[in-house]
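Structural overview for review
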Amino acid sequence: MVEKICSHIANRNGKNYNWKLSDFEIGAPLGRGKFGRVYMAREKTTKLIVAVKTLFKSELVEHHMQHQFLREVEIQTHLKHPNVLSLLTYFYDQKRIFLVLEYAAKGEVYTHLRSQEKGRFPEPRAAKYMYQVADALEYCHKNNVIHRDIKPENLLLDYHDNIKLADFGWSVHAPSNKRKTVCGTLDYLPPEMVQGKPYNSYVDHWCLGVLCYEFLVGKPPFETESQNATYNKIVKVAVVYPQFMSTPARALISQLLRYDPSSRIGLDCVKEHLWVKKNMKLASIANGVI
Ligand SMILES: Nc1ncnc2c1ncn2[C@@H]1O[C@H](COP(=O)(O)OP(=O)(O)OP(=O)(O)O)[C@@H](O)[C@H]1O
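Residues numbered from 1 in each chain as written. Predicted model: local features only at pLDDT ≥ 70, side-chain atom pairs only at ≥ 80, totals over all residues. Heavy atoms only, no water.

In terms of helices and strands, the protein carries 11 helices and 10 strands. For 290 residues, the compact-globule estimate of 2.2 N^0.38 gives 19 Å, and the C-alpha radius of gyration of the protein, at 19 Å, lies within 12% of that figure. If you line up the protein on its principal axes, its C-alpha atoms span 55 × 45 × 35 Å. When the 290 residues of the protein are sorted by exposure, 48% land in the buried category. Long-range contacts, defined as pairs at least 24 residues apart, comprise 61% of the intrachain contacts of the protein with a sequence gap of at least 6. Summed over all atoms, the accessible surface of the protein reaches about 14700 Å², with 53% contributed by carbon and sulfur. (Helix = DSSP H or I, 4+ residues; strand = E, 2+ residues; numbered from the N terminus. Rg over C-alpha atoms; globule rule 2.2 N^0.38 Å. Buried < 20%, exposed > 50% of the residue type's maximum accessible area, 1.4 Å probe, protein only. Contact = heavy atoms within 4.5 Å. Areas by Shrake-Rupley, 256 points an atom, 1.4 Å probe, with all protein chains shown as cover.)

What follows is about the environment of Tyr 259. When you line up the elements, Tyr 259 lands in the loop between α9 (247-256) and α10 (267-272). If near-sequence neighbours (up to four positions away) are discounted, Tyr 259 is found in contact with Pro 191, Glu 192, Gln 195, Lys 197, Trp 206, Val 235, Val 237 and Arg 264. In terms of polar contacts, Tyr 259 uses its side chain to reach the side chain of Gln 195, at 2.8 Å. One polar contact links Tyr 259 to Lys 197, side chain to side chain, over a distance of 2.9 Å. (Polar contact = N/O pair within 3.5 Å; in protein donor to acceptor, adjacent residues only side chain to side chain.)

Let's shift gears to the UniProt feature "binding site: ATP" (unreviewed entry) in the protein. Annotation from UniProt places "binding site: ATP" (unreviewed entry) at Lys 34, Lys 53, Glu 102, Tyr 103, Ala 104, Glu 153, Asn 154 and Asp 167. If you trace the backbone, Lys 34 turns up in the loop between β1 (24-32) and β2 (36-43). Overall, Lys 34 belongs to the exposed group, its relative accessible area being 77%. The exposure class of Asn 154 is buried, given its relative accessible area of 5%. When near neighbours in sequence (up to four residues on either side) are disregarded, Asn 154 contacts His 147, Asp 149, Lys 164, Leu 165, Ala 166 and Asp 167. Within polar-contact distance, the side chain of Asn 154 engages the backbone oxygen of Asp 149 at 2.8 Å. (UniProt positions renumbered as here; feature names shortened; annotations may be inferred.)

Further remarks concern the UniProt feature "active site" (unreviewed entry) in the protein. The residues that UniProt annotates with the feature "active site" (unreviewed entry) are Asp 149. Inspection of the secondary structure puts Asp 149 in the loop between β7 (145-146) and β8 (155-157).

Further remarks concern the site of the ligand. If you check the shell around the ligand, you find 16 residues, and the closest are Lys 34, Lys 53, Glu 102, Ala 104 and Glu 108. Glu 108 is positioned such that a nitrogen or oxygen atom in its side chain is 2.2 Å from an oxygen atom of the ligand. Across the complex, the protein chains shield 80% of the 610 Å² of accessible surface that the ligand would expose by itself. When residues of the shell around the ligand are traced back to their parent elements, those giving at least two are β1, β3 (49-56) and β5 (96-102). Broken down by element, the shell around the ligand gets its largest block of residues, three residues, from β1. Classifying every residue of the shell around the ligand by side-chain character gives eight nonpolar, two polar and six charged. Mapped onto the domain boundaries, the shell around the ligand takes at least three residues apiece from domain 1 (2-102) and domain 2 (107-286). (Near = heavy atom within 4 Å. Nonpolar A, V, L, I, M, F, W, Y, C, P; charged D, E, K, R; others polar. Domains from an automatic or database assignment.)

When a strand is regular, its side chains alternate between the sheet's two faces. Pairing geometry for strand β4 (residues 87-92) and β5, over five bridges, is antiparallel. Within β5, the position partnered with Leu 87 by the bridge is Leu 101. Hairpin remark: β4 followed by β5, antiparallel, with three residues in the connecting loop. (Pairing = 2+ DSSP bridges.)

With that out of the way, let us pick up the nonpolar core. Core analysis: the biggest nonpolar cluster contains 56 residues, and Leu 208, Phe 215, Leu 252 and Trp 275 have the highest contact counts within it. The greatest single-element share of this core, amounting to 11 residues, is contributed by helix α7 (residues 202-217). Residues in contact with Trp 275, not counting those within four places in the same chain, are Glu 123, Ala 126, Ala 127, Met 130, Cys 212, Leu 216, Ser 246, Pro 248, Ala 249 and Leu 252. Leu 60, Leu 85, Leu 87 and Leu 101 belong to the second largest nonpolar core, which has 15 residues in total. (Core = buried A, V, L, I, M, F, W, Y, C linked by side-chain atoms within 4.5 Å.)

Let us now look at the sheet that holds β8. Within the open sheet, the three strands sit side by side as β6-β8-β9. Their pairing is antiparallel. Looking at strand neighbours, the two that pair on one side only are β6 (107-108) and β9 (163-165), the edges of this open sheet. Bridge count between β8 and β9: three bridges; the pairing is antiparallel. Note that in β9 the partner of Leu 157 across the bridge is Ile 163.

In space, the five strands of this open sheet follow the order β1-β2-β3-β5-β4, with antiparallel pairing throughout. Two strands close off the open sheet at either side, each with one partner strand: β1 and β4. For this sheet, the mean inter-axis angle between neighbouring strands, taken without regard to orientation, is 25°. Summarising the sheet, β2 and β3 pair through seven bridges and their orientation is antiparallel. By the bridge assignment, Tyr 39 is partnered in β3 with Val 52. (Axes fitted to C-alpha atoms, helices over the stretch in contact; angles between N-to-C directions.)

See the structure below:
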């Protein structure tokens, strides 16, 4: 399905087809972000479902977001991976910009996590997501893109419960130079970023550790009432593992949450990690149940 719509759109893009709103039937709203609304839509020729995000040019300009937005579009257009949300095409009229995105039927991982009875995922489900996020990030890093804003709100799920990494609003092309900008949610920020030091793609490895912890515990490891206290916990890497978390899961998280960026384990090692492999198997056995 996705391949069909991708190739149809890519084919027209290749022919410099000028997409317009009337090429789509616009359906139910899917959500609302800071700058736009997202609707379910159907491409009229193929009848396939996509998501259309509409943004007002004036709002982007008013908030000085046009450069960040263009970067997001530029980055996402070039990334093609099964666990990265595809930006299929875009077009605009006088007032609005329309992004045509791959449709993620099950919405945000965040919503699923919060709706769990205990507020956390069983280990097989967490491991499956960890594998897919690690795979998506490995691909991004190979293409010199650092995501910098990994969190459950930015992970969408398709109909088959597969991760679609979204929201490249904070991501950067990182050809060689290390950058020094603080952004993202404090809970997920690595020590080098909260301390305003230069950083590299290993920031995403740290976020993956925070993500795994939040999947398994229901809240991020450095969460506190105050920003100051969170800062202190982050720079001390003060992680408390609850009793119910298995030893191999702790091992994986502690290998990602390292103060020294270069001592965080590689994304290939995350995918090959014993805990991930064992639980991926369990997840596939329970396919459709979890
Ligand atoms: N491709 C998609 N498929 C299905 N639902 C989507 C898709 N893209 C976005 N949504 C839904 O629409 C909501 C708004 O998305 P949007 O990207 O505008 O904002 P956001 O990323 O949540 O917030 P922000 O504007 O702060 O980055 C999302 O929370 C999600 O639930």
